[in-house]
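So the chains spell out like this:
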Amino acid sequence: MTKSDEQLLMQQLSDPKTQRAAFERLVREYSEPLYWQVRRMVLCHDDADDIMQNVFLKAWSHLKDFNQDSKISTWLYRIAVNESLDFLRRKKSQHVFSVDEPLQSVSQSLVADRYFDGDETAALLQEAIAQLPEVQRMVFNLRYFDEMKYSDISELLHTSEGALKASYHIAVKKISEFFKQHD
């Protein structure tokens, strides 16, 4: 979306007469890239779908709070990342394993997911990414999959570009090591 398109969209979102149609456009424009960002963080389609509903509900209810200091895409990504992290924290604190229930690896879970259309290598990549610390995982996903600029990631995560570059480099190194171990 160009800067002028975004400015027009923001004007329409601010006007009660055009707000609903503008929000529908916003949802159409950002649903897919946000979905994939969330999906790469939580891995499961159903979880990502639930989180996406929360993202757009939160965006709609907080439209008046958006101060337009950042791009609307950055604001939406921030909501999506925060919702994903909240979900992962809740899931981690509630996760109890049964002795009878075998633990599945991320790659096995992904291959079993009816919405996953990747191959074994893609599943292994997701398993390697899942083992990264949260910040490295987010930085890697935003940079590698979304091809987001470090300056935009910096604005999104409130971190210096240098720190982001270091996190990305370390993440790539860890992923490479993971693949070497799984050859």
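Parameters and conventions
Residues numbered from 1 in each chain as written. Predicted model: local features only at pLDDT ≥ 70, side-chain atom pairs only at ≥ 80, totals over all residues. Heavy atoms only, no water. Axes fitted to C-alpha atoms, helices over the stretch in contact; angles between N-to-C directions. Helix = DSSP H or I, 4+ residues; strand = E, 2+ residues; numbered from the N terminus. Parallel < 35°, antiparallel > 145°, perpendicular 65-115°, else oblique. Contact = heavy atoms within 4.5 Å. pLDDT = per-residue confidence, 0-100. Phe/Tyr/Trp six-rings, centres within 6.5 Å; stacked < 30°, edge-to-face > 60°. Buried < 20%, exposed > 50% of the residue type's maximum accessible area, 1.4 Å probe, protein only. Expected span 1.5 Å × (residues − 1). Arc of directions from axis to C-beta. Nonpolar A, V, L, I, M, F, W, Y, C, P; charged D, E, K, R; others polar. Salt bridge = Lys/Arg side-chain N within 4 Å of Asp/Glu carboxyl O. Core = buried A, V, L, I, M, F, W, Y, C linked by side-chain atoms within 4.5 Å.

## Considerations on the packing of helix 8 (residues 150–157) against helix 9 (residues 161–181)
Between two packed helices, both the angle of their axes relative to each other and the distance between the axes serve to describe the pair.
Then, number 1: Between helix 8 and helix 9, whose axes approach to 9 Å, the crossing angle comes to 105°. Accordingly, the angle class assigned to the pair helix 8 and helix 9 is roughly perpendicular. Contacts from Y150, S151, I153, S154 and L157 of helix 8 reach helix 9 at E161, L164, K165 and Y168.

## Some points on the side chain of E83
Then, number 1: Structurally, the position occupied by E83 is in helix 4 (residues 72–94).
Then, number 2: Aside from chain neighbours lying at most four places away, what touches E83 is I51, N54, V55 and K58.

## As for the confidence of the model for the protein
Then, number 1: Of all residues in the protein, 86% have pLDDT values of 70 or greater, and the mean over the chain is 84.
Then, number 2: In the model, residues 96–105 has pLDDT below 50 throughout and makes four contacts with residues more than four positions away in sequence or in other chains.

## Points about the packing of aromatic side chains
Then, number 1: Using the criterion set out here, one finds ten aromatic pairs in the structure.
Then, number 2: With 6.4 Å between their ring centres and 80° between their planes, Y150 and Y168 make a pair best called edge-to-face. Here Y150 is found in helix 8, whereas its partner Y168 is found in helix 9, with 18 residues between them in sequence. Considered together, Y150 and Y168 belong to a single accessibility category, that of buried residues.

## So, helix 9
Along an α-helix, residues three or four apart share an orientation, since each turn contains 3.6 residues.
Then, number 1: Taking 1.5 Å per residue, 21 residues should reach 30 Å; helix 9 reaches 30 Å between its end C-alpha atoms and fits that length.
Then, number 2: For helix 9, the full list of buried residues reads L164, S167, Y168, A171, I175 and F178. Viewed end-on, helix 9 has its buried residues packed into an arc of 100°, placing them on one side of the element. Away from its buried face by more than 90 degrees, helix 9 exposes G162, H169, K173, K180 and Q181.

## Focus on the packing of helix 6 (residues 120–130) against helix 7 (residues 134–145)
Then, number 1: One way to put it is that helix 6 packs onto helix 7 with a least axis distance of 9 Å and a crossing angle of 140°. Considering the angle they form, helix 6 stands oblique to helix 7. For the pair formed by helix 6 and helix 7, the contact residues are L125, Q126, I129 and A130 on the first element and R137, F140, N141, Y144 and F145 on the second.
Then, number 2: In terms of residue class, the contact of helix 6 with helix 7 is built from six nonpolar, two polar and one charged.

## Structural notes on the pattern of salt bridges
Then, number 1: Across all of its chains, the model carries seven salt bridges by this definition.
Then, number 2: Here K91 and D47 are joined by a salt bridge, their closest N and O atoms 3.8 Å apart. Of this pair, K91 sits in helix 4 while D47 sits in helix 3 (residues 45–61), and the two are 44 residues apart along the sequence.
Then, number 3: Linking R89 and D86 is a salt bridge whose minimum nitrogen-to-oxygen distance equals 3.4 Å. Highlighted residues: R89 and D86, both in helix 4, separated by three residues, approximately one helical turn.
Then, number 4: R89 gets classed as partly exposed once you look at its relative accessible area, which sits at 44%.
Then, number 5: Among the residues examined, D86 registers a relative accessible area of 32% and is labelled partly exposed.
Then, number 6: Taken together, the salt bridges that share partners define one network made up of D86, R89 and E134.

## Concerning the nonpolar core
Then, number 1: Of all hydrophobic cores here, the largest spans 49 residues; its most connected members are L13, L26, L34, I72, W75, L76 and L157.
Then, number 2: Here this core takes ten residues from helix 4, the largest share from any one element.
Then, number 3: For L26, the residues in contact, after removing those within four places along its chain, are L9, L13, F56, I72 and L76.

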